[in-house]
Amino acid sequence: MVVVMAPEATQADIEQIVTLVSAAGGEAFVSRGVSRTIIGLVGDVHEFGALNLRSYRGVTDVIRISVPYKLVSRENHPGRSTVTVGGVPIGPGHLTVIAGPCTVETADQTLAAAMMAQAAGASLLRGGAFKPRTSPYAFQGLGEAGLRILAEVRAETGLPVVTEVIDPASVDLVSSYADMLQVGTRSMQNFALLQAVGSADRPVLLKRGMNATVEEWLMAAEYIAQRSNLDIVLCERGIRTFETATRNTLDISAVPVAQRLSHLPVIVDPSHSGGRRDLVLPLSRAAIAAGADGIIVDVHPHPAAALCDGDQALTGADIDELAATVRTLPQLLGRTVTAGRTLSTVA
Ligand code: PEP
Ligand code: MN
């Protein structure tokens, strides 16, 4: 915290602040500039907040410089965390691939997509049963029937399931089928939903709001953590910019920025950010090069017939190329990671 004194503040005004801070168990460092003096405070910000320093004579401003999110911050938790989903680690030393259809349509389509996901090197299956669609006329997902299909495909393939939950009322239902709860970009600031998944006994994949700053994203994670669920994975999925050539603009710098500010793992969605099949591999490579802890990728056995997001689904030879990329690129870049179910942490 920094206390900014007014140009006309007297020596007595400055000493009063120093005395108050010391009495509250903190330390005050006085820096005198040409026109004004600032006082740097070191200690417990809650104690300082209770002093109401702004109300004292000679004080013009009190600026908090420690980050407003505590539980997910790296300030208080210097090491990076690993989140485990159905036995699969996401975090430092791993490159975890999550893949599957955007939307669960049928049992056959979901099983075929899950097999493609495995072929691509995925160790977790994605697929939406409750879809947050921009248009109320678009396919909204199969609901619980879709969750049942995901559970069947998990039983058949062994892939733990990541699926979206769109409202607080269905958190228990989705948790009863899913291994990880996804909070989508449109829901990132649905605070009731964040609190509900924070109370659920499942890890959470928190996508960045398409209009959210990194700080707002981390504050959303703090809502979940505050309800005592720290098993949160952040997902950069593109933000809205002036550019219309892509569906969204992948903010690749958000990966190292979020990893520096937070101990939580950070993955990238190259499918929803670009919105185009031809961009998925280049954006996956960019994510791996930037140090992402994983990627979440749409795949579909018949993209042209997909009920949602067919334009961005990988299929055919692209699956093999993704598998080769995931297998070889980290080593080429000097990243020591393991993919799949291996639980050993190398980094
Ligand atoms: C999804 O992953 O299916 C999805 C809807 O993503 P987003 O919330 O990032 O648009
Ligand atoms: Mn989608």
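None of these values were measured; they are calculated from a predicted model.

Some details on the site of ligand 1
Okay, step 1: The environment of ligand 1 is made up of Arg126, Lys131, Glu164, Gln182, Gly184, Thr185, Arg186, Lys207, Arg237 and His272.
Okay, step 2: Within the contact set of ligand 1, an oxygen atom lies 2.9 Å away from a side-chain nitrogen or oxygen of Lys207.
Okay, step 3: Starting from 290 Å² of accessible surface for ligand 1 in isolation, the protein chains cover 97%.
Okay, step 4: Tallied by class, residues from the shell around ligand 1 come to no nonpolar, four polar and six charged.

What to know about the packing of helix 6 (residues 191–198) against helix 7 (residues 214–226)
Okay, step 1: Relative orientation of the contacting elements helix 6 and helix 7 amounts to 45 degrees, with a least axis distance of 7 Å. Here helix 6 lies oblique to helix 7, going by the angle between them. When the axes of helix 6 and helix 7 are compared, the crossing they make is right-handed. Along the contact surface, helix 6 presents Phe191, Leu194, Gln195, Val197 and Gly198, while helix 7 presents Ala220, Tyr223 and Ile224.
Okay, step 2: Split by residue class, the contact of helix 6 with helix 7 holds six nonpolar, two polar and no charged.

What about the confidence of the model for the protein chain?
Reading predicted coordinates in detail is not appropriate for stretches of low pLDDT.
Okay, step 1: For the protein chain, mean pLDDT is 94; residues scoring 70 or higher make up 98% of the total.
Okay, step 2: Segment residues 341–347 is flagged for pLDDT under 50; beyond a separation of four residues in sequence, or across chains, it makes 20 contacts in the model.

Re the pattern of salt bridges
Okay, step 1: A full pass over the atoms with the stated rule returns 12 salt bridges.
Okay, step 2: Between Arg57 and Asp13 there is a salt bridge, and its shortest N-O distance comes to 2.7 Å. With Arg57 in the loop between helix 2 (45–51) and strand 4 (59–63) and Asp13 in helix 1 (residues 11–23), this pair connects stretches of sequence that are 44 residues apart.
Okay, step 3: Among the ionic pairs, Asp61 bridges to Arg54, the shortest N-O distance being 2.8 Å.
Okay, step 4: Overall, the relative accessible area of 48% leaves Arg54 in the partly exposed class.
Okay, step 5: A network of salt bridges, in which partner residues are shared, links Arg208, Glu236 and Asp251.

Some points on helix 8 (residues 254–261)
Okay, step 1: For helix 8, every residue scored as buried is listed here: Ala254, Val255, Ala258 and Gln259. The arc that holds the buried residues of helix 8, viewed along the axis, is 125 degrees, so those residues lie on one side.
Okay, step 2: Here the buried face of helix 8 lies against helix 7, strand 12 (232–236), strand 13 (266–268) and helix 10 (277–290).

Section: the pairing of strand 10 (residues 180–183)
Okay, step 1: Neither face of strand 10 is left uncovered, since the one carrying Met180 and Gln182 and the one carrying Leu181 and Val183 both have all their residues buried.
Okay, step 2: Two elements, strand 9 (residues 161–164) and strand 10, share three bridges in a ladder whose sense is parallel. Residue pairing in the sheet places Val162 in a bridge with Met180 of strand 10.
Okay, step 3: The parallel pair strand 9 and strand 10, bridged by helix 5 (residues 171–177), forms a crossover whose chirality is right-handed.
Okay, step 4: Bridge analysis of strand 10 against strand 11 (residues 204–207) gives three bridges, and the strand direction is parallel. Looking across to strand 11, one finds that Val183 is bridged to Leu206.
Okay, step 5: Crossover strand 10 to strand 11 through helix 6 is right-handed.

Describing the coordination of the manganese ion (ligand 2)
Okay, step 1: Protein coordination at the manganese ion (ligand 2): the donors are Cys102 (SG), His272 (NE2) and Asp309 (OD), at 1.9 to 2.3 Å from the metal.
Okay, step 2: As a motif over one chain, the donors of the manganese ion (ligand 2) read C-x169-H-x36-D. One end of the pair, Cys102, is in the loop between strand 7 (96–100) and helix 3 (107–119); the other, His272, is in helix 9 (residues 270–274), and 170 residues separate them in sequence.
Okay, step 3: Residue classification places Cys102 among the buried residues on the basis of a relative accessible area of 3%.
Okay, step 4: Residue His272 is classed as buried on the basis of its relative accessible area, which comes to 8%.

A short note on helix 3
Okay, step 1: Taking 1.5 Å of rise per residue, 13 residues should cover 18 Å, and helix 3 covers 18 Å from first to last C-alpha, within 8% of that figure.
Okay, step 2: Of all the residues in helix 3, the buried ones are Gln109, Thr110, Ala113, Ala114, Met116 and Ala117. Mapping the buried residues of helix 3 onto a view down its axis gives an arc of 160 degrees, with all of them on the same face.
Okay, step 3: On its buried side, helix 3 packs onto strand 7, strand 8 (124–126), helix 4 (144–157) and helix 11 (317–332).
Okay, step 4: Positive phi appears at Gly121, one or two residues downstream of helix 3, with a value of about 100 degrees.

Procedures and definitions
- Residues numbered from 1 in each chain as written.
- Chains lettered and ligands numbered in written order.
- Predicted model: local features only at pLDDT ≥ 70, side-chain atom pairs only at ≥ 80, totals over all residues.
- Heavy atoms only, no water.
- Near = heavy atom within 4 Å.
- Polar contact = N/O pair within 3.5 Å; in protein donor to acceptor, adjacent residues only side chain to side chain.
- Areas by Shrake-Rupley, 256 points an atom, 1.4 Å probe, with all protein chains shown as cover.
- Nonpolar A, V, L, I, M, F, W, Y, C, P; charged D, E, K, R; others polar.
- Axes fitted to C-alpha atoms, helices over the stretch in contact; angles between N-to-C directions.
- Helix = DSSP H or I, 4+ residues; strand = E, 2+ residues; numbered from the N terminus.
- Parallel < 35°, antiparallel > 145°, perpendicular 65-115°, else oblique.
- Left-handed = near helix turned anticlockwise from the far one by under 90°.
- Contact = heavy atoms within 4.5 Å.
- pLDDT = per-residue confidence, 0-100.
- Salt bridge = Lys/Arg side-chain N within 4 Å of Asp/Glu carboxyl O.
- Buried < 20%, exposed > 50% of the residue type's maximum accessible area, 1.4 Å probe, protein only.
- Arc of directions from axis to C-beta.
- Pairing = 2+ DSSP bridges.
- Right-handed = clockwise from strand over helix to strand, strands pointing away.
- Donors = N, O, S within 2.8 Å, 3.2 Å for Na, K, Ca; no water.
- Expected span 1.5 Å × (residues − 1).

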